[in-house]
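The lines below spell out each chain.
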Amino acid sequence: NNAFSRSYKEQNLPTAALIDIDKLEALNPEHKLDMLFYRPQEEGKNSDIVKLKLFHKAEPIHLSDVLPMLENFGLRVIDESPFKITCAEGALNWVMDFTMLHKASEKLEMETAQTLFQDAFAKVWNNTLEDDAFNRLILGAGMTGRKVTILRAYAKYMRQTGSSFSRDYIAN
């Protein structure tokens, strides 16, 4: 009960806290980051509001590290709340709660979008997927990170063959 701050308790329902506890308990030295990308039930299917909770072991995630990644996915962060969670052993974990806008989110089938986004974000975080404007296609077009990598490779090839279009222009 003392693990969660007053601000966390004020902003999260008990059912959300149970999900957060499961995510926090799954963290370990090999698995330092977990996440949950979702549309809040109170927003409805036609809303352009989506949320992301990042769960991180030991040290906080800095906003300046995450914000450019989220923008490259086509998300506009409108609110962010960090919460420090104290475990029974005294270890610290962090929950970063982002509220974001996604222009095409009413077209998102959230279950598919959740899988695509969480997989791609984890790969960007671990530097196995590039972090650029091509990542907008993951949510905007429902593409996997692998398919986006192929398009990114085509864009690089076009530049090498003399195309005058920049990578950002091609991504757009």
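Here, every reference points to the structure presented above.
What follows covers the overall build of the protein chain. Helix and strand counts for the protein chain stand at seven helices and four strands. Along the protein chain, helices and strands appear, N-terminal first, in the series α-α-β-β-α-β-β-α-α-α-α. In terms of principal-axis extent, the alpha carbons of the protein chain reach across some 60 × 35 × 25 Å. Only carbon and sulfur atoms are counted for the fraction: they give 51% of the accessible area of the protein chain, which is about 10,200 Å². For the protein chain, the centre of its 21 positive side-chain charges and the centre of its 24 negative side-chain charges are spaced 5 Å apart.

Turning next to the packing of aromatic side chains. Within this structure, the stated rule accounts for seven aromatic pairs. Aromatic rings pair up to connect Phe-37, Phe-73, Phe-117, Phe-121 and Trp-125 into one cluster.

Here the focus is unusual backbone geometry. One non-glycine residue with positive phi stands out, namely Ala-58, at about 75°. Here Ala-58 is to be found in the loop between β2 (49-57) and α3 (63-72).

To continue, consider the pairing of strand β4 (residues 92-101). Taking burial as the measure, the 10 residues of β4 include eight buried ones, the bulk of the element. Bridging between β2 and β4 involves nine bridges; their strand directions are antiparallel. The residue bridging Val-50 from the neighbouring strand is Met-100, located in β4.

How each quantity is defined
- Residues numbered from 1 in each chain as written.
- Predicted model: local features only at pLDDT ≥ 70, side-chain atom pairs only at ≥ 80, totals over all residues.
- Heavy atoms only, no water.
- Helix = DSSP H or I, 4+ residues; strand = E, 2+ residues; numbered from the N terminus.
- Areas by Shrake-Rupley, 256 points an atom, 1.4 Å probe, with all protein chains shown as cover.
- Lys, Arg positive; Asp, Glu negative; His and termini not counted.
- Charge placed at Lys NZ, Arg CZ, Asp CG, Glu CD.
- Phe/Tyr/Trp six-rings, centres within 6.5 Å; stacked < 30°, edge-to-face > 60°.
- Buried < 20%, exposed > 50% of the residue type's maximum accessible area, 1.4 Å probe, protein only.
- Pairing = 2+ DSSP bridges.

None of this, on its own, says anything about what the molecule does.
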